[in-house]
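# Observations on the model geometry
Here are the chains, one letter per residue:
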Amino acid sequence: MERRDFIKIGSFGLGAVAFSNPIFNYLSNSVVLDGVTQGGGKRIPTYCEVCFWKCAAWTHLNEKGEIWKLTGNDDDPHCNGRLCPRGTGGVGMYYDDDRLKTPLIRHTVNGKQEFQEATWDEAFNFIAKKMKKISDQYGPECIALFSHGSGGKHFGRMLKAFGSTNITAPSYAQCRGPREVGFFATYGEGIGSPERVDIRDTECLVLIGSHIGENMHNGQVQEMSEAIDKGATIITVDPRFSTAASKSKFWLPIKPSTDMALLLSWIHVIINEEWYDKKFVEKYTFGFDELKEHVKSFTPEWAYGITTIKPNIIRKTAKEMANASPSVIIHPGRHVTWYGDDTQRLRAVAILNALLGSWGRRGGFYNPEKKKIAKLDIPKYPTPSKTWRDAFPGKYKLAGLALASGICDATIPAGDRDCSFKAWIVNGTNLISTLPNQANTIKAIQNLDLMVVIDTMPMEITGYADVVLPECTYLERYDNLRVSGHREPTIALRAPAAEPKYDSKPAWWMAKELAQRLDLSDYFPFEKEEDELDWQLKQMGLSLEEMKKIGLKKYAREYDDLYPLENLEDYEFNTNTGKIELYSTAMEDEGYDPLPKYTQHEEPPEGFYRLIYGRAPMHTFSRTANNPNLTDLMDENKVWVNPKVAKEWDLNNNQEIWLENQDGIVTSFPIKVRVTERIRWDSVYMIHGFGHTDKRLTRAYGRGASDAEMITKVHIDPEMGGTGMRGNFVTFLTEAPSKGKS
Ligand SMILES: Nc1nc2c(c(=O)[nH]1)N[C@H]1C(S)=C(S)[C@@H](COP(=O)(O)OP(=O)(O)OC[C@H]3O[C@@H](n4cnc5c(=O)[nH]c(N)nc54)[C@H](O)[C@@H]3O)O[C@H]1N2
Ligand SMILES: Nc1nc2c(c(=O)[nH]1)N[C@H]1C(S)=C(S)[C@@H](COP(=O)(O)OP(=O)(O)OC[C@H]3O[C@@H](n4cnc5c(=O)[nH]c(N)nc54)[C@H](O)[C@@H]3O)O[C@H]1N2
Ligand code: SF4
Ligand SMILES: [Mo]
């Protein structure tokens, strides 16, 4: 028997308005939802947890005092009063009958593993005892926290107090890490979230595989729509005709994995034609001559052979950018862990922006300002004797945050490592569908002495837990204040609109209860979470009572530096040279390429197609696939296949097929075909987050296929450890795979 069998149990118990621009169709408008009084008048503030844009919202109650609907907070720059369909559908998270209902502990009965319902007390005592034992035996640093979402802050406090700083989120090494590192190396600052892109006022927006409009990050979609209405040029580089591509003046259907060649060629053209912002480059940048020399041979003709984008289109689009300069944005994207050389690709994006003078300028990149929140009066955290980095001597030297994939790898014992991770606390991240290479994740889990999963839903990851703790949804709890950096700083409150359903509880309370059992009560000095919030708000001259009325507080900027380089003001960048480093001395010091290079990536073998994936407007990752409101809008994914390929394989629309990847892995479930010209012939496309394998998800089980299952080959970014996931290839099986084949 495996140490951890996957436990399957069955016994536990939009008013969308058309906007002038159709990219907007999905965003519901608070104007039509004027039912504040209609519903009994009561509304409680929150910020959305359906994705990490964190729109400030109102939960409205009906006359019976039940949760009725959600609307956006008008004052919030993240949403401007409008929620995206996922945010509106957040109500479904609360009402989902499949939710986790009580704490569960893994037991072995007659040789068979099963979950048994437990009291909170039993669950906490079990966890605390194990944590102490692991700490005594191996040190507290062998315990790691994986978290995506608000609860991470609370469990993070508990774990830091216990002596481990190994706290990680998949939003770094599986998402935006390379972007932060690439921009940091260039400007001495990262991009952050919400992205500091001044889309509202831009004249030219270049999207490189960033599919805003399907990627529904709210304020960004709205600003893009506004920019289009004001006549901005959109240039979209995507092997797929995305929603954004359909709004674009130029769609460049690039051969996937070759973006670096296009970027280098754009840099070549802009330098050679002298279309760059000379004053800006001269005043602020370091290494221009080296860059010029470096890109000398990267002509559009060179790039054409690699990217399939015609030379005149490369020149024309470069000219469009130059014409708009400095009000131009080569968007850094967000999920950028594609091919393993991603930090360098993002360096090229950063360099291109610098040449066009868009950093710190209107219509380019603005300088966000954030409000400071008072620190709690708690003891200093102990200093750990080791961190995750010790598992990777000499590697991933530019990683600014802990790597989720790294901690996963360092959980599998290896001869040359003195200690591997022994316990995972997993809050709000379905690691099975989030980390690439599922077999590796499961192998790591099998080596743990303890795995605690805190979730709202019986997702795949919960099936591997020793203890499952059911969190109530964001509509039933407080959380830390949302503190946002934006054009103007804001803070937003999340307050409960209902009592937690079933026996679910907020993460704050769980972390405090655990801390108590670990003799760390001093780190949670307040009796209740609302007392902690009230104390923090009072330090700012506010109160919980007042925030409950307004939900969001917007402040005027303290510093008048929204566009700090607008008039070529003196400025010192946080880099070794104090300049924008076109040539990165930090990269060079660490032994990496100081200037981005083109590397050729592997091509699909005969009969295989590159698997690319993305977002659907009405779903977030795997977390919404069971949401009753959102499954109404879309309940399965399809695989997009070019008509030429469909003909070759004799595939028809809606035909069910299985996908098999280069390593012989076959999807657990069939997926329907969508034959469309909107995807290149060398690739197939699907929406991430479907093909759930846990039967407890009654609406999502077996619906569509999982891209994560097919991502077995990972190209790791040597500079910061990001996991490139787009180097996987699939072929089609038109018959059900024979049993025994996984
Ligand atoms: N194959 C593949 N892998 C990917 C991606 C991809 O596109 N394809 N995208 C990558 C990117 S960009 C990112 S950012 C990550 C995202 O990775 P994750 O954040 O891990 O994504 P989800 O699959 O949505 O998992 C979220 C989990 O949180 C739970 N949850 C939801 N709300 C709450 C709550 O209030 N409290 C608690 N405790 N739990 C909650 C959900 O039930 C679910 O189990 O995935 C990365 N991995
Ligand atoms: N509705 C919705 N919106 C979301 C999310 C969600 O789950 N649902 N998640 C949010 C999160 S955390 C993230 S990180 C973002 C992710 O969203 P983005 O950062 O915008 O995009 P990606 O997911 O990286 O990229 C998907 C696009 O890249 C294209 N692509 C694939 N390969 C290549 C290539 O080689 N070159 C180029 N140029 N393009 C390529 C695909 O065709 C697809 O259109 O979305 C955010 N917004
Ligand atoms: S973009 Fe949509 S899902 Fe994300 S926080 Fe805003 S409303 Fe919620
Ligand atoms: Mo992400």
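See the structure shown above.
Notes on the structure follow. (Residues numbered from 1 in each chain as written. Chains lettered and ligands numbered in written order. Predicted model: local features only at pLDDT ≥ 70, side-chain atom pairs only at ≥ 80, totals over all residues. Heavy atoms only, no water.)

### Some points on the pattern of salt bridges
- Considering all chains together, one arrives at 44 salt bridges under this definition.
- Measuring nitrogen to oxygen at the nearest pair gives 3.1 Å for the salt bridge that ties Glu603 to Lys255. With a gap of 348 residues between them, Glu603 in the loop between α20 (585-589) and β20 (609-614) and Lys255 in the loop between β10 (250-252) and α8 (259-272) connect regions that are remote in the sequence.
- On the basis of relative accessible area, Glu603 is assigned to the partly exposed category, the value being 36%.
- Ionic pairing is found between Glu590 and Lys397, a salt bridge with its closest N-O pair at 3.7 Å. Residue Glu590 is located in the loop between α20 and β20, and its partner Lys397 is located in the loop between α13 (342-355) and α14 (404-409); the two are separated by 193 residues in the primary sequence. (Salt bridge = Lys/Arg side-chain N within 4 Å of Asp/Glu carboxyl O. Helix = DSSP H or I, 4+ residues; strand = E, 2+ residues; numbered from the N terminus. Buried < 20%, exposed > 50% of the residue type's maximum accessible area, 1.4 Å probe, protein only.)

### A closer look at the site of ligand 2
- Among the 32 residues in the neighbourhood of ligand 2, the closest are listed as Asp238, Asp259, His335, Tyr339 and His619.
- A distance of 2.8 Å is found between a nitrogen atom of ligand 2 and a backbone nitrogen or oxygen belonging to Ala616.
- Between ligand 2 and Phe621, the relevant distance is 3.0 Å, taken from an oxygen atom to a main-chain nitrogen or oxygen of the residue.
- Isolated, ligand 2 exposes 930 Å² of accessible area, and the fraction of that covered by the protein chains is 99%.
- Looking at the shell around ligand 2 residue by residue, the class counts come to 15 nonpolar, 9 polar and 8 charged.
- Both domains that furnish three or more residues to the shell around ligand 2 are identified here as domain 2 (187-368 + 570-589) and domain 3 (609-733). (Near = heavy atom within 4 Å. Polar contact = N/O pair within 3.5 Å; in protein donor to acceptor, adjacent residues only side chain to side chain. Areas by Shrake-Rupley, 256 points an atom, 1.4 Å probe, with all protein chains shown as cover. Nonpolar A, V, L, I, M, F, W, Y, C, P; charged D, E, K, R; others polar. Domains from an automatic or database assignment.)

### Quick look at unusual backbone geometry
- Here the amide bond leading from Ser193 into Pro194 is cis, since omega sits at -10°, within 30 degrees of zero.
- Within the secondary structure layout, Pro194 lies in the loop between α5 (170-187) and β8 (204-208).
- That bond from Ser325 to Pro326 is cis: its omega, 5°, falls within 30 degrees of zero.
- As for its position among the elements, Pro326 is in the loop between α12 (311-324) and β12 (328-330).
- The phi dihedral of Asn110 is positive, around 50°, even though this residue is not glycine.
- Mapping Asn110 onto the fold places it in the loop between β4 (104-109) and β5 (112-117).
- For Asn110, a relative accessible area of 80% gives the class exposed.
- A positive phi angle, near 65°, is found at Asn654, a position not held by glycine.

### Topic: the pairing of β20
- Burial runs high along β20: 6 of the 6 residues are buried.
- One ladder, built from 2 bridges, connects β20 with strand β27 (residues 729-733); its direction is antiparallel. Bridge pairing links Tyr609 to Val730 in β27.
- With 5 bridges joining them, β20 and strand β24 (residues 683-687) adopt parallel strand pairing. Bridging from a neighbouring strand, Leu611 pairs with Val684 of β24. (Pairing = 2+ DSSP bridges.)

### Describing the environment of Pro718
- Locating Pro718 in the fold gives a position in the loop between β25 (715-716) and β26 (723-724).
- Take Pro718: its relative accessible area is 46%, and that puts it in the partly exposed class.
- In this structure, the C-alpha to C-alpha distance between Pro718 and Lys395, residues 323 residues apart in sequence, is 6.9 Å.
- Aside from chain neighbours lying at most four places away, what touches Pro718 is Gly340, Tyr396 and Tyr592. (Contact = heavy atoms within 4.5 Å.)

### Things to note about the site of ligand 3
- Around ligand 3, the structure places Cys48, Val50, Cys51, Trp53, Lys54, Cys55, Leu83, Cys84, Arg86, Gly87, Met216 and Asn218.
- Taken together, the residues of the shell around ligand 3 break down into 8 nonpolar, 2 polar and 2 charged.

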